[in-house]
Amino acid sequence: MQPTKPMTRANKSVTVTLMIMRHGDAQSHTGSVADAQRPLSAQGCSEVTTTACWLKEYLLQRSQPQVRWLITSPYRRAQETADIIAAHLPPQHLETSTDIIPQGNLDVFIDWLFAKLEQQQWVDGTVVIVSHMPFVSHLVAALDPQTPPLIFPTAGMAELELDITYQRARFLRMIVT
């Protein structure tokens, strides 16, 4: 049986930078507010702003003045986190995905992510995903099987090199600002 040939663009592996981020600190869960509706706390706004400033500086050093694609959970605290990121680094594309809620389906999301990236035919850039624990932890481990599930602090971010051609990733580092 012949091995499957990867889809390539001129026989070259295509990679993008993937930043997987946990939302900032949220207000405590009370019985009167559904979990999906919890907003960021003042501390959460502050820590996300710090992370956004760091990300902006990091991308500018790499001659990338903006995020290529920002994908966020529909939960309020993730949406507010994404809004802060977007205010510092306006994304070319902004999308909400119901697949990246805390108990989201990893396989469905990963298949969708690679299909969309292949469809866009980007040859570089940075994709930022804003989601929740435990989803972010399991996503890193699923994309790079060499990396065990990580504990993400609020507003923490994992940097991965995402190979679109071979549909795999390499964990580079955890960023906590």
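That block above? That's the structure.
Every value quoted in this text rests on a predicted model; they were computed, and no experiment measured them.

Parameters and conventions
Residues numbered from 1 in each chain as written. Predicted model: local features only at pLDDT ≥ 70, side-chain atom pairs only at ≥ 80, totals over all residues. Heavy atoms only, no water. Helix = DSSP H or I, 4+ residues; strand = E, 2+ residues; numbered from the N terminus. Buried < 20%, exposed > 50% of the residue type's maximum accessible area, 1.4 Å probe, protein only. Polar contact = N/O pair within 3.5 Å; in protein donor to acceptor, adjacent residues only side chain to side chain. Contact = heavy atoms within 4.5 Å. Expected span 1.5 Å × (residues − 1). Arc of directions from axis to C-beta. Salt bridge = Lys/Arg side-chain N within 4 Å of Asp/Glu carboxyl O. Pairing = 2+ DSSP bridges. Right-handed = clockwise from strand over helix to strand, strands pointing away. Core = buried A, V, L, I, M, F, W, Y, C linked by side-chain atoms within 4.5 Å.

Participant: Would you mind showing me how to read the side chain of His-132 here?
Facilitator: Within the secondary structure layout, His-132 lies in the loop between strand S4 (126-131) and helix H4 (135-143). By relative accessible area, His-132 is classed as buried at 1%. Only 2.7 Å separates the side chain of His-132 from the side chain of Ser-73, close enough to count as a polar contact. What His-132 contacts, discounting residues up to four positions off in sequence, is His-23, Ser-73, Tyr-75, Arg-77, Ala-78, Ile-100, Ile-101 and Pro-102.

Participant: Is there a simple way to explain helix H1 (residues 42-61) in this structure?
Facilitator: For an α-helix, 3.6 residues make a turn, and residues three or four places apart therefore share a direction. In this model, H1 (20 residues) spans 29 Å end to end at C-alpha, consistent with the 28 Å of a helix rising 1.5 Å per residue. Among the residues of H1, those classed as buried are Gly-44, Glu-47, Val-48, Thr-51, Ala-52, Leu-55, Tyr-58 and Leu-59. For H1, the angular spread of the buried residues around the axis is 140°, confining them to a single face. Residues of H1 that are exposed and angled more than 90 degrees away from the buried face: Ala-42 and Gln-61. Looking at the buried residues of H1, the elements they touch are strand S1 (15-22), helix H2 (76-88), S4, strand S5 (157-163) and strand S6 (168-175). Once H1 ends, the next one or two residues include Ser-63, with phi positive near 60°.

Participant: Help me understand the pattern of salt bridges, please; the structure alone is not making it clear to me.
Facilitator: Side-chain pairing between opposite charges can occur once the charged atoms of the two side chains come close. All chains considered together, the criterion is met by 8 salt bridges. Between Arg-38 and Asp-35 there is a salt bridge, and its shortest N-O distance comes to 3.0 Å. For Asp-35, a relative accessible area of 29% translates into the label partly exposed. Across the pair Glu-159 and Arg-173 runs a salt bridge, and its minimum N-O distance is 2.7 Å.

Participant: I'm lost on the pairing of strand S3 (residues 93-96) in this one. Help?
Facilitator: The side chains of a regular strand alternate, residue by residue, between the two faces of the sheet. Bridge count between strand S2 (residues 69-72) and S3: 4 bridges; the pairing is parallel. Considered in S3, the bridge of Ile-71 is made with Glu-95. Considered for its hand, the β-α-β crossover made up of S2, H2 and S3 is right-handed.

Participant: Would you mind going over the nonpolar core with me for this structure?
Facilitator: Most often, soluble globular proteins keep nonpolar side chains buried together rather than apart. Core analysis: the largest hydrophobic core is formed by 27 residues, its most contacted members being Ile-20, Leu-143 and Leu-162. Elements represented by at least two residues in this core include exactly S1, S2, helix H3 (106-120), S4, H4 and S5. Sequence-distant contacts of Leu-143, defined by excluding residues within four places in its chain, comprise Leu-18, Ile-20, Ile-110, Phe-114, Leu-160, Leu-162, Arg-168 and Ala-169. With 21 residues, the next largest nonpolar core counts Leu-59, Leu-70, Ile-85 and Leu-89 among its residues.

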